[in-house]
Amino acid sequence: QKEVEQNSGPLSVPEGAIASLNCTYSDRVSQSFFWYRQYSGKSPELIMSIYSNGDKEDGRFTAQLNKASQYVSLLIRDSQPSDSATYLCAVPHTGGFKTIFGAGTRLFVKA
Amino acid sequence: KAGVTQTPRYLIKTRGQQVTLSCSPISGHRSVSWYQQTPGQGLQFLFEYFSETQRNKGNFPGRFSGRQFSNSRSEMNVSTLELGDSALYLCASSFGDESYGYTFGSGTRLTVV
């Protein structure tokens, strides 16, 4: 089992729809969780962090965390073509001074 | 506020050669991590440095090495290059450790021919 798993996609949604990206992790004691966005040919960019169970909203983005189920998700409301990118789920390795990245989910938003 | 600076942006090397990549983190950030990104393997952790000390190393052969200087700038070196080393090498800067999240540099695209 991979430490951080994501559906590779591609996930295709129409403009204005909600895009839902999912991630599961194996380390039960993980405390912090991140979502990065990577445009083609660019480096990853941190867009969301979440540390507590529940929802965290930032503009059109909502991160959801369920530690009991070892599940974290990212919702993008009112999806725009500019949201088309690869979204990487990242979980710091507890006490390990490193972060494990999922393989990423490619999102396409159709105009 | 300057971002994370990686040099060079692109490199083409021949098998058997060695290469040195450089990373200057955000001012005030003392943690520098290096990752290798390939289409097949995604982002793979290479190593992490904090205050000139390597705190963790990924599962890469000894040909991959790094160091950090007193000004937090970091270098990574790959010796005896192999075709499979062709990848995007990303430097990630963090204030303290990975719990703060990373700011990535633009990366160095290494092609080994």
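These notes cover the structure that comes with them. Quick caveat, the model's predicted, so the values are computed rather than measured. All residue numbers refer to positions counted from 1 along the written sequence of the respective chain. Think of it this way: whatever chain is written first is A, whatever ligand is written first is 1, and the rest follow in order. Per-residue local features are limited, in this predicted model, to residues with pLDDT of at least 70; the limit for side-chain atom pairs, both in listing and counting, is 80 or more; totals at the level of whole chains, interfaces and linings are taken over all residues. Side-chain numbers come from the whole structure's heavy atoms, not from hydrogens or water.

**Let's talk about the overall build of chain B**
- Here a strand is any run of E in DSSP of at least two residues, a helix any run of H or I of at least four, and the numbering for each starts at the N terminus. Counting secondary structure elements, chain B contains zero helices and eleven strands.
- Its helices and strands in sequence order give chain B the pattern β-β-β-β-β-β-β-β-β-β-β, from N to C terminus.
- Computation of the radius of gyration draws on C-alpha atoms, with the globule rule given as 2.2 Å multiplied by the number of residues to the power 0.38. In summary, chain B has a C-alpha radius of gyration of 13 Å against a globular reference of 13 Å for 113 residues, a match within 12%.
- Referenced to the eigenvectors of the C-alpha coordinate spread, the extents of chain B come out at roughly 35 × 25 × 25 Å.

**A word on the state of the cysteines**
- The criterion for a disulfide is a pair of cysteine sulfur atoms lying within 2.5 Å. In this structure the tally under the stated criterion is two disulfides over all chains.
- Between the sulfur of Cys23(A) and that of Cys89(A) lies a disulfide, 2.0 Å long from S to S. Given an S-S torsion of about -70 degrees, the disulfide between Cys23(A) and Cys89(A) has left-handed geometry. Placement of Cys23(A) in strand β3 (residues 19–25) and of Cys89(A) in strand β9 (residues 85–92) is noted, with a sequence separation of 66 residues between them. Cys89(A) carries the same exposure label as Cys23(A), and that label is buried.
- Two residues, Cys23(B) and Cys91(B), share a disulfide whose sulfurs are 1.7 Å apart. Measuring handedness by torsion sign, the sulfur bridge of Cys23(B) and Cys91(B) sits at about -55 degrees and is left-handed. A 1.4 Å probe rolled over the protein chains alone gives each residue an accessible area, and that area as a share of the maximum for its type sets the label: buried under 20%, exposed over 50%, partly exposed in between.

**Examining the sheet that holds strand β7 (residues 61–66) of chain A**
Residue and element names in this part refer to chain A.
- Strand pairing is assigned whenever DSSP detects at least two bridges linking the two strands. Spatial ordering of the open sheet is given by β1-β3-β8-β7-β6, a layout of five strands whose pairing is antiparallel. The open sheet terminates on both sides in strands that have one partner only, identified here as β1 (4–6) and β6 (54–58). The mean inter-strand angle of the sheet, taken between neighbouring strand axes irrespective of direction, is 20 degrees.
- Relative to strand β8 (residues 71–76), β3 runs antiparallel, the two sharing six bridges. To obtain each axis, a line is fitted to C-alpha atoms, and for helices this fit is confined to the stretch in contact; angles are then taken between N-to-C directions over 0 to 180 degrees.

**Considerations on the interface of chain B and chain A**
- If you look at the interface, chain B gives 17 residues, while chain A gives 16 residues.
- Here the buried area means the combined drop in accessible surface, using a 1.4 Å probe, for two parts upon being joined, counting both sides. Around 1,400 Å² of area is buried between chain B and chain A when both sides are counted, 57% of it from carbon and sulfur atoms.
- Counted as salt bridges are all cases of a side-chain nitrogen of Lys or Arg within 4 Å of a carboxyl oxygen of Asp or Glu. In this assembly, chain B and chain A are joined by zero salt bridges.
- Distance and chemistry together define a polar contact, namely a pair of N or O atoms within 3.5 Å, with one atom able to donate a hydrogen and the other to accept it when in protein, and with adjacent residues in sequence counting only for side-chain atoms on both sides. Here chain B and chain A share five residue pairs in polar contact (both at pLDDT 80 or more) between them.
- If you list the elements that add at least two residues to the side of chain B that touches chain A, you get β4 (31–38), β5 (42–50) and β6 (53–57) of chain B. In what follows, residue pairs with any heavy atoms lying within 4.5 Å of each other are defined as contacts.

**Remarks on the layout of surface pockets**
- What the largest pocket holds in volume is close to 1,100 Å³.
- A 1.4 Å probe that fits but cannot get out identifies a cavity on a 1 Å grid over protein atoms alone, an open set with protein on both sides within 12 Å along at least five of seven lines counts as a pocket, and a residue lines either if it has an atom within 4 Å of a point. Ala103(A), Gln37(B), Thr38(B), Gly42(B) and Leu43(B) are, among the 43 residues lining the largest pocket, the residues nearest its centre.
- When contributions to the lining of the largest pocket are tallied by element, the ones reaching two or more residues are β9, β10 (99–101) and β11 (105–110) of chain A together with β4, β5 and β11 (108–112) of chain B.
- In terms of residue count, β5(B) provides more of the lining of the largest pocket than any other element does, four residues in total.
- Three classes are used: nonpolar for Ala, Val, Leu, Ile, Met, Phe, Trp, Tyr, Cys and Pro, charged for Asp, Glu, Lys and Arg, and polar for all others, with Gly counted as polar. Class assignment of the residues belonging to the lining of the largest pocket gives a composition of 15 nonpolar, 21 polar and seven charged. Grid points are joined across faces, edges and corners, and a volume is the space filled by probe spheres set on the points.

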